[in-house]
Amino acid sequence: MKHETMKQGVVRMTNEMKAACVGAGAVLIAAIITGFFSLNASPVPGNGARPTTNGSCSPIINKTDGNITLNCQGLSATDEKRLVAIFNEALGGFKSLNTIGLLTTLLEETRERAGTQKQTIADMEVELKRQAERVKSILEDEFVTDAVKELITAGKIQKAEKLVDDNAIALDKQDKKLAAIHYERGRVKELSIKYNEAKKSFAKAANLQAENSTYLSAYASILDDLAEYSKALEYYELALKSDLKTYGEDHPSVAIRRNNLGVVHQSLGDYPKALEYYELALKSDLKTYGEDHPNVATTRNNLGGVHESLGDYPKALEYYELALKSDLKTYGEDHPSVAIRRNNLGGVHESLGGYPKALEYYEPALKSGLKTYGEDHPNVATTRNNLGLVHKSLGDYPKALGDYPKALEYYALALKSDLKTYGEDHPSVAATRNNLGSVHQSLGDYPKALKYYELALKSDLKTYGEDHPNVAIRRNNLGSVHESLGDYPKALEYFELAYQSMLFTFGEKHPSTQKVKANRDNVIERKKN
């Protein structure tokens, strides 16, 4: 069910600045600041104050005998000169009167914004200096184009704004096309099992189109495949947020995002959170599709997996059986999903000690897997290993020994493939090594079993850290081999670590906690004897 940040420019400041641009910038700021002062006020004549009129004034700026006359502003000549002097000082001095259009535009815009708002001259001085810095930064900024700078210098602010808006719209269209290309490339690379290349392409698509839930989810999915779980959660959550905004609660895409979030939380061992997401996804999908739909079956299978991990085997059986029933109706007998459901059901019955019932599920799962994949497939190897363990538990060693060599051969092939795909430190590689260790242990080859278990533990510690169920399982298995070798102190060390981890994750009453505790206590008793 897995498939269906923002671009940031770095502003660098330089010390280089053309003199003509400085002059234009200086007049720009003077115009902005004077425009804030009591636009419709009528000051008392005298003390150098200029007469003003009420209402709109046209033109706002008059050119008279080589000087700029600001009308309708209520700003005294003394104050005007003071502000211009401050501005002149801030930008290094200028003598330019070729910006009448700029001043007119800015004062018109200022009047519309300010209305009858009044500011003190001190406030205007502060604003003047701030605006001077803005102008300097624009004219010095190497990432602002000459075309924009020229329009600002010429006083054509609206044209400059239109130009940058048009450019942004054009680039936005280009970004959409580029994102689509990167997404498409990612899908093909993924199909070619080139996951790291797919990751790069999906990342580019997601970053170019940060609101596109399909791109966000594709990137999250490949991160999940590569065991980068924290980052996968981040992007699945972004995809969910986007889809909720677009579609609302009960939509298939929203359910898929929640299912996938459940998968990642399950991988991290956060089972309560995984349950929360799976249950929401199931509720939505049942409303959308009804009972017999592949998405409903998948989510039920996932719920079964979490309940199995939590030691609630009756609940796990309930969900697995519903998933199997649905998939049989949808696909018929020989389908990979049907084989997976049967393998999972076999695992729960095995955990419950129902070995004949476990065989009933494992055997048709193997038959189906062979028909679908042939011998050379990890799923077939896993089912053979499971059958071997059940036959061993039933005391049927000839049959167990018949299954183990084949399982060993194909686990080795699976390990080679996974190493090529993922590299050393990946959960799939660790799981296959654990399975190889299990088969070697069953065959009595303890040194090889230790080698594979130790490599699996090292990898899982790097992926998950200390308190994760997979880490506890690896340590329990290492304890078991050391016990078989008679190295009780080492066995006890691993069992104790595994027990404390299981206790932390699941609590005292969980079946896995109880099994590890029994293993630990057994070694303690053997040490006494």
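Look a little higher up for the structure.
Quick notes on the rules
- Residues numbered from 1 in each chain as written.
- Predicted model: local features only at pLDDT ≥ 70, side-chain atom pairs only at ≥ 80, totals over all residues.
- Heavy atoms only, no water.
- Axes fitted to C-alpha atoms, helices over the stretch in contact; angles between N-to-C directions.
- Helix = DSSP H or I, 4+ residues; strand = E, 2+ residues; numbered from the N terminus.
- Parallel < 35°, antiparallel > 145°, perpendicular 65-115°, else oblique.
- Left-handed = near helix turned anticlockwise from the far one by under 90°.
- Contact = heavy atoms within 4.5 Å.
- Nonpolar A, V, L, I, M, F, W, Y, C, P; charged D, E, K, R; others polar.
- Patch = residues over 30% accessible without salt bridge, like charges linked within 9 Å, V, L, I, M, F, W, Y side chains within 5 Å.
- Areas by Shrake-Rupley, 256 points an atom, 1.4 Å probe, with all protein chains shown as cover.
- Salt bridge = Lys/Arg side-chain N within 4 Å of Asp/Glu carboxyl O.
- Buried < 20%, exposed > 50% of the residue type's maximum accessible area, 1.4 Å probe, protein only.
- Core = buried A, V, L, I, M, F, W, Y, C linked by side-chain atoms within 4.5 Å.
- Phe/Tyr/Trp six-rings, centres within 6.5 Å; stacked < 30°, edge-to-face > 60°.
- Expected span 1.5 Å × (residues − 1).

Enquirer: I'd like a rundown of the packing of helix α13 (residues 313-331) against helix α14 (residues 336-351), residues and numbers included.
Expert: Remark: α13 packs on α14, axes separated minimally by 9 Å, with the N-to-C direction vectors making an angle of 160 degrees. The orientation of α13 with respect to α14, classified from their angle, is roughly antiparallel. Every pair of crossing elements has a handedness; the one defined by α13 and α14 is left-handed. Residue-level contacts link Y313, A316, L317, Y320, E321, A323, L324, D327, L328 and Y331 of α13 to S337, V338, R341, R342, N344, L345, V348, H349 and S351 of α14. Residue classes in the contact of α13 with α14 are distributed as 11 nonpolar, four polar and four charged.

Enquirer: Please provide a residue-by-residue account of a nonpolar patch on the surface, values included.
Expert: On the surface, Y397, L401 and L443 cluster together to form a nonpolar patch covering roughly 290 Å² of accessible area. You can see L443 is positioned in the loop between α18 (427-442) and α19 (446-464). In this structure L443 comes out as partly exposed when scored by relative accessible area, which is 35%.

Enquirer: How would you summarise the pattern of salt bridges if you had to cite specific residues and measurements?
Expert: By the definition in use, this model includes 25 salt bridges. With its nearest N and O atoms 3.6 Å apart, the salt bridge here joins E276 to K273. You can see E276 and its partner K273 sitting in helix α11 (residues 271-289), three residues apart, about one turn around the helix. Here E276 falls in the partly exposed class, since its relative accessible area comes to 37%. The salt bridge partner of K357 is E360, with a shortest N-O separation of 3.5 Å. On the criterion of helical spacing, the pair formed by K357 and E360 is a turn pair, its members being three residues apart in helix α15 (residues 355-373). Each of E496, K517, R520 and D521 takes part in salt bridges that share partners, so that together they form one network.

Enquirer: Lay out the nonpolar core with the relevant residues and their values.
Expert: Formed by 30 residues in total, the largest nonpolar core has its most connected members in Y183, F202, Y219, I222, Y235, L261 and V264. Every element with two or more residues in this core is listed here: α6 (157-191), α7 (195-208), α8 (213-225), α9 (229-247) and α10 (252-267). Residues within four places of L261 in sequence aside, it is in contact with L233, Y236, E237, L240 and Y277. The next biggest cluster of nonpolar side chains, apart from the first, holds 15 residues, and it includes V296, A472, M502 and V516.

Enquirer: Give a detailed account of the packing of aromatic side chains, specifying residues and quantitative values.
Expert: All chains considered together, the criterion is met by six aromatic pairs. Their ring planes at 35 degrees and their centres at 5.6 Å tell us that Y195 and Y422 sit as a pair that is tilted. Here Y195, found in helix α7, pairs with Y422, found in helix α17 (residues 397-422); they are 227 residues apart in sequence, far enough to count as distant. We classify Y195 as buried; its relative accessible area is 12%. Following the ring pairs from residue to residue traces out a cluster consisting of Y183, F202 and Y215.

Enquirer: Please give an account of α9 that cites residues and values.
Expert: Compared with an ideal rise of 1.5 Å per residue, which puts 19 residues at 27 Å, α9 spans 26 Å between its outermost C-alpha atoms and is within 8% of the ideal. Among the residues of α9, Y229, A232, L233, Y235, Y236, A239, L240, S242 and D243 are the ones counted as buried.

Enquirer: Tell me about the environment of N301, and please be specific about residues and values.
Expert: Here N301 lies in helix α12 (residues 294-309). In contact with N301, not counting residues within four places along its chain, are Y320, A323, R341 and N344.

Enquirer: Got a sec to walk through α6? Specific residues and values, please.
Expert: Helix length check: α6 (35 residues) gives 51 Å between terminal C-alpha atoms against 51 Å at 1.5 Å per residue, within 8%. I157, A160, D175, A179, H182, Y183, G186, K189 and E190 are the residues of α6 that are buried. I193 sits one or two residues past α6 and shows a positive phi near 60 degrees.

Enquirer: So what about unusual backbone geometry? Which residues, and what values?
Expert: Even without glycine at this site, I193 takes up a positive phi of about 60 degrees. Following the sequence through the fold, I193 ends up in the loop between α6 and α7. A residue is classified by how much of its surface remains accessible, and I193, at 42% relative accessible area, is partly exposed. Of note in this structure, A227 is not a glycine but carries a positive phi near 65 degrees. Within the secondary structure layout, A227 lies in the loop between α8 and α9.

So yeah, pure geometry; function would need other evidence.
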